[in-house]
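# A closer look at the structure
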Amino acid sequence: EAGVTQSPTHLIKTRGQQATLRCSPISGHTSVYWYQQALGLGLQFLLWYDEGEERNRGNFPPRFSGRQFPNYSSELNVNALELEDSALYLCASSFREGYGYTFGSGTRLTVV
Amino acid sequence: TQLLEQSPQFLSIQEGENLTVYCNSSSVFSSLQWYRQEPGEGPVLLVTVVTGGEVKKLKRLTFQFGDARKDSSLHITAAQPGDTGLYLCAGVKAAGNKLTFGGGTRVLVKP
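Reading the values: the criteria
- Residues numbered from 1 in each chain as written.
- Chains lettered and ligands numbered in written order.
- Predicted model: local features only at pLDDT ≥ 70, side-chain atom pairs only at ≥ 80, totals over all residues.
- Heavy atoms only, no water.
- Disulfide = S-S within 2.5 Å.
- Helix = DSSP H or I, 4+ residues; strand = E, 2+ residues; numbered from the N terminus.
- Buried < 20%, exposed > 50% of the residue type's maximum accessible area, 1.4 Å probe, protein only.
- Contact = heavy atoms within 4.5 Å.
- Polar contact = N/O pair within 3.5 Å; in protein donor to acceptor, adjacent residues only side chain to side chain.
- Buried area = accessible area lost by both parts, 1.4 Å probe.
- Salt bridge = Lys/Arg side-chain N within 4 Å of Asp/Glu carboxyl O.

### Considering the state of the cysteines
As used here, a disulfide is simply a covalent bond connecting the sulfur atoms of two cysteines. According to the stated counting rule, one finds two disulfides over all chains in the structure shown. Across a sulfur-sulfur distance of 1.8 Å, Cys23 of chain A and Cys91 of chain A are joined as a disulfide pair. What sets the handedness of the Cys23 of chain A and Cys91 of chain A disulfide is the S-S torsion sign, and at about -60 degrees it is left-handed. Remark: Cys91 of chain A occurs in strand β9 (residues 87-94) and Cys23 of chain A occurs in strand β3 (residues 19-24); sequence separation between them is 68 residues. Comparing Cys23 of chain A with Cys91 of chain A shows no difference in burial state: the two are buried. Disulfide pairing places Cys23 of chain B opposite Cys89 of chain B at an S-S distance of 2.0 Å. On the S-S bond that ties Cys23 of chain B to Cys89 of chain B, the torsion sits near 75 degrees, and the link is right-handed. Remark: Cys89 of chain B occurs in strand β9 (residues 85-92) and Cys23 of chain B occurs in strand β3 (residues 19-24); sequence separation between them is 66 residues. You'll find Cys23 of chain B and Cys89 of chain B in the same group, each marked buried.

### Concerning the environment of Thr9 of chain A
All names here are of chain A. Following the sequence through the fold, Thr9 ends up in the loop between β1 (5-7) and β2 (10-13). Contacts of Thr9, omitting those with residues within four sequence positions, involve Gly106, Thr107 and Arg108. Among the polar contacts made by the side chain of Thr9, one reaches the side chain of His10 at a distance of 3.4 Å.

### A few points about the interface of chain B and chain A
Between chain B and chain A, the contact holds 20 residues from the first and 21 residues from the second. Counting the surface lost from both chain B and chain A, the interface buries some 1400 Å², and carbon and sulfur atoms represent 51% of this. Connecting chain B to chain A are zero salt bridges. Counting across the chain B and chain A interface gives four residue pairs in polar contact (both at pLDDT 80 or more).

Here is the structure:
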């Protein structure tokens, strides 16, 4: 069974540009979660999608947005990139609420 | 201030020694999970605890959920270099809530 896949693995952008990160959940998982992990720190919750709807959102500015497609894959968009957005962005999926999360390997975003 | 506080932040021990990582909060959680993350990878789920006082064992790892469901601990017996990694606790306060992570404990086991 394929795990959670994220693309690209690395992304370098210039300040002010937009970044698009993609995530494919495990087959059968309908919930997708996005987290930001700055270097050496814990995970900060960004967004939670379930059945195509945004279920919850973390304390991030509106330039962080996303969506979930009918096949449950998801996209995270970050507009007007700032240097502080440089981090590892992790996507996770779960079978349903309350179950453990399966994480992808992440997208390393570097803003220069 | 983090909802879940992990201690210590960093732990360096010799192979064969024991270690304990703590995860504390002033809030009650309906469930608590422990993950391990290695460099360049996403966190991997180790265990989920849901009942106050619950103890779960996974080979040399012992996980305990506090009676009041506000805290948890992870104990590793006879640590091995393969146990090296970032250990993260994460909790859900109630149904419909997001999974909140602690700041992590970085463990280094030297051969």
